[in-house]
Amino acid sequence: MTFSADTAATSHPPTTHTLLSLFDAQRRASRDQPEVPLALRRDRLLRIQRLLEQHADALAAAVNADFGVRSPRLTEIADLFVLRALLSSTLRHLPRWMKSVKVRTPWYLQPSHAFLQRQPLGVVGVVSPWNYPVQLSLGPVITALAAGNRVMLKPSELTPQTSALLARLLGEAFAPDEVAVVQGGSDVAQAFVSLPFDHLFFTGSTAVGREVAKAAAANLTPTTLELGGKSPCIIDASCDIAQAALKIAHGKLLNAGQTCIAPDYLLLPRGREVEFADAFAQAVATLFPSLQGNPDYAAIISPRHLERLQAMLVRAEGQGARLQVIQPGGAAVSVSSRQMAPVLVFDVPARSELLSEELFGPILPVLPYDSLQQAIDHINAGPRPLALYWFGTDTGLRDHVLASTVSGGVTVNDTLMHIAHENLPFGGVGESGWGSYHGEAGFLRLSQQKPVMVQSKWARGDLFYPPYGKRFDQVMGWMKRFL
């Protein structure tokens, strides 16, 4: 199992014995306290809330140091604000989420009654990625704690300063049998996902997600996999392209395209390519008047990732694709800064890896279509995407696209925004992942909904006991008339 080729060294990586000791301590604690009261769950969430309030600047600085260039304001909106909103919503709704839920009892089982008891699973493992290293680490942790679980977190080695700071801050706020952070490279990650967690939560690439699922399956560990994929963006003929271009540019270039739900390719009515290219270039200039040294325009996370993106463009151009590099102000970007200029790609060959691999960078292939059905067929020919975006004013065509495609989530006439809606579950489908979180969906994902039936002393279950005979036949005949 290979988690990353960019394994960063960490001081004193944990041994297998240390990992097992941490896990065993959490497992014992979870079994000793299977019922976690509301007051304790709230206290744990409030500790994270205080952590964010007191150390927001330090966390943003650590993220900036790991990326090389990433504005603290970007970390504020994309990491910290999202977590603050999640905490606020979770604390507000947690008492209701924890309550047992009565369920209707069918007439043939009355006068018994039944309910679902929501209980913690036990120990939840979280493996988080590097692209939003604070949000995607603490978001699942918050949800797991709200559900009453203990948590072990393995943050990414590609953001070592952020991971080390999270380890220190969480270590100060929690006992190791409540929340523990494990640092290290791919070898540690392999050992981590092989632990017999009660649930394993992974955010990352589809390729690594497959390996995580295999490792978890050996222990029959249930998983939530938040993966990636080729998220399409459809521009309908009814769309105002100038307005759409700004929103598409924002969604594509947030964090320099290093976002799992960024638009991965654009489907555009044939003949409007030049119109879109001009509108997109103007949108980029509006958002980022310059690129070099602009803290609002994030750097690519590592030289290896930058080289991968550039090599893909070289190969695509060699296959006949046409590249339009967008450089606001006309100034080229220094390779040393890793702030890669946005690139539109036209005439993309069908065999190009730009159309088969998740890009995770500021590259946007533009694919013209002759009919909406052609666009839909293109989407449905590939794996189901994590996100889908549609721009237009024709609600009939919008509804046709929604009915004809399957994706993890959708935003209409914008990008990314469905992930910010606290009452919408977030997750993938098929190769883009399985299992959803955010809001009550996440709470339930990391809870056991135990079905409980309470039998009445007036129940006549004995009517169905053997030995079977004439009375049984009469009872069953009478009951079948009412089904």
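Look above for the structure.
All values derive from a computational prediction rather than experimental measurement.

What counts, and at which threshold
- Residues numbered from 1 in each chain as written.
- Predicted model: local features only at pLDDT ≥ 70, side-chain atom pairs only at ≥ 80, totals over all residues.
- Heavy atoms only, no water.
- Pairing = 2+ DSSP bridges.
- Helix = DSSP H or I, 4+ residues; strand = E, 2+ residues; numbered from the N terminus.
- Axes fitted to C-alpha atoms, helices over the stretch in contact; angles between N-to-C directions.
- Buried < 20%, exposed > 50% of the residue type's maximum accessible area, 1.4 Å probe, protein only.
- Disulfide = S-S within 2.5 Å.
- Phe/Tyr/Trp six-rings, centres within 6.5 Å; stacked < 30°, edge-to-face > 60°.
- Lys NZ or Arg CZ within 6 Å of the ring centre and 35° of its normal.
- Parallel < 35°, antiparallel > 145°, perpendicular 65-115°, else oblique.
- Contact = heavy atoms within 4.5 Å.
- Nonpolar A, V, L, I, M, F, W, Y, C, P; charged D, E, K, R; others polar.
- Right-handed = clockwise from strand over helix to strand, strands pointing away.
- Salt bridge = Lys/Arg side-chain N within 4 Å of Asp/Glu carboxyl O.

> Would you mind going over the sheet that holds strand β2 (residues 113-120) in detail, with residue names and values included?
Within the open sheet, the three strands sit side by side as β1-β2-β18. Their pairing is antiparallel. With one partner strand each, in any of the chains shown, β1 (101-103) and β18 (447-454) form the two edges of the open sheet. Averaged over all adjacent pairs, the angle separating strand axes in this sheet is 30°, with direction ignored. Sheet topology places β2 next to β18; eight bridges connect them, and they run antiparallel. Within β18, the position partnered with arginine 118 by the bridge is glutamine 449.

> Talk me through the pairing of strand β9 (residues 265-269); I want residue IDs and the actual numbers.
By the criterion of burial, β9 is predominantly enclosed, with five of the five residues buried. The two faces of β9 match: Tyr265, Leu267 and Pro269 on one face and Leu266 and Leu268 on the other face are all buried. When strand β8 (residues 232-235) meets β9, the two strands line up parallel, connected through three bridges. In the strand pairing of β9, cysteine 233 is matched with leucine 266.

> Before we move on, can you summarise the state of the cysteines with the specific residues and values?
With the rule as written, the count across this model stands at zero disulfides. The thiol sulfur of cysteine 233 is not disulfide-bonded, and the nearest other cysteine sulfur, from cysteine 239, lies at 8.4 Å. Among the residues examined, cysteine 233 registers a relative accessible area of 0% and is labelled buried.

> Before we move on, can you summarise the packing of aromatic side chains with the specific residues and values?
How two aromatic rings sit relative to each other is set out by the distance from centre to centre and by the angle between their planes. Applying the stated criterion to the full structure yields 14 aromatic pairs. Aromatic side chains phenylalanine 67 and tryptophan 130 sit 6.3 Å apart centroid to centroid with 55° between the ring planes, which places their arrangement in the tilted category. One end of the pair, phenylalanine 67, is in helix α2 (residues 38-67); the other, tryptophan 130, is in the loop between β3 (123-127) and α4 (135-146), with 63 residues separating them in the sequence. With respect to burial, phenylalanine 67 and tryptophan 130 carry one shared label: buried. Chaining the aromatic ring pairs together yields one cluster made of Trp107, Tyr108, Trp478 and Phe482. Above the plane of the ring of phenylalanine 67 lies arginine 70, whose end atom (NZ or CZ) is 5.0 Å from the centre.

> Tell me about the packing of α2 against helix α3 (residues 72-98), and name the residues and values.
α3 packs onto α2 with a crossing angle of 175° between their chain directions and a minimal axis gap of 10 Å. Considered as vectors, α2 and α3 are oriented roughly antiparallel to each other. Residues Leu38, Arg41, Arg42, Leu45, Leu46, Ile48, Gln49, Leu52, Ala56, Leu59, Ala60 and Val63 of α2 lie in contact with α3, whose contacting residues are Pro72, Thr75, Leu80, Leu83, Arg84, Leu87, Thr90, Leu91, Leu94, Pro95 and Met98. When the residues that make up the contact of α2 with α3 are grouped by side-chain class, the tally is 17 nonpolar, three polar and three charged.

> Tell me what's going on with the pairing of strand β6 (residues 199-203), and back it up with residues and numbers.
Most of β6 sits inside the fold, with five of its five residues counted as buried. Neither face of β6 is open: one carries His199, Phe201 and Thr203, the other Leu200 and Phe202, and all of them are buried. Sheet analysis places β3 next to β6, joined by four bridges and oriented parallel. Residue valine 127 lies in a different strand from β6, and its bridge partner there is phenylalanine 202. As paired elements, β6 and strand β7 (residues 223-226) share four bridges and run parallel to each other. Note that in β7 the partner of threonine 203 across the bridge is glutamate 226. Remark: the β6/helix α7 (residues 206-217)/β7 crossover connection has right-handed handedness.

> Please set out the sheet that holds strand β13 (residues 387-391) residue by residue, giving values where relevant.
One open sheet holds the seven strands; their spatial order is β10-β11-β12-β9-β8-β13-β14, and the pairing between them is mixed. The two strands at the open ends of the sheet, each matched to only one other strand, are β10 (322-325) and β14 (409-412). Across the sheet, the mean angle separating the axes of adjacent strands is 20° when strand polarity is ignored. Packed on one face of the sheet, helix α9 (residues 273-287) meets β8, β9, β10, β11 (343-346) and β12 (363-369) and runs near 175° to β11.

> An account of the pattern of salt bridges is requested, with residue identities and associated values reported.
On inspection of all chains with the given rule, the structure shows 22 salt bridges. Among the salt bridges present, the one from arginine 92 reaches glutamate 422, with a minimum N-O distance of 3.1 Å. Here glutamate 422 lies in the loop between β14 and β15 (426-427) and arginine 92 lies in helix α3, a separation of 330 residues in the sequence. By relative accessible area, which is 32% here, glutamate 422 ends up partly exposed. Residue glutamate 440 pairs with arginine 96 through a salt bridge whose shortest N-O separation is 3.6 Å. Residue glutamate 440 is found in helix α13 (residues 439-445), and its partner arginine 96 is found in helix α3; the two are separated by 344 residues along the sequence.

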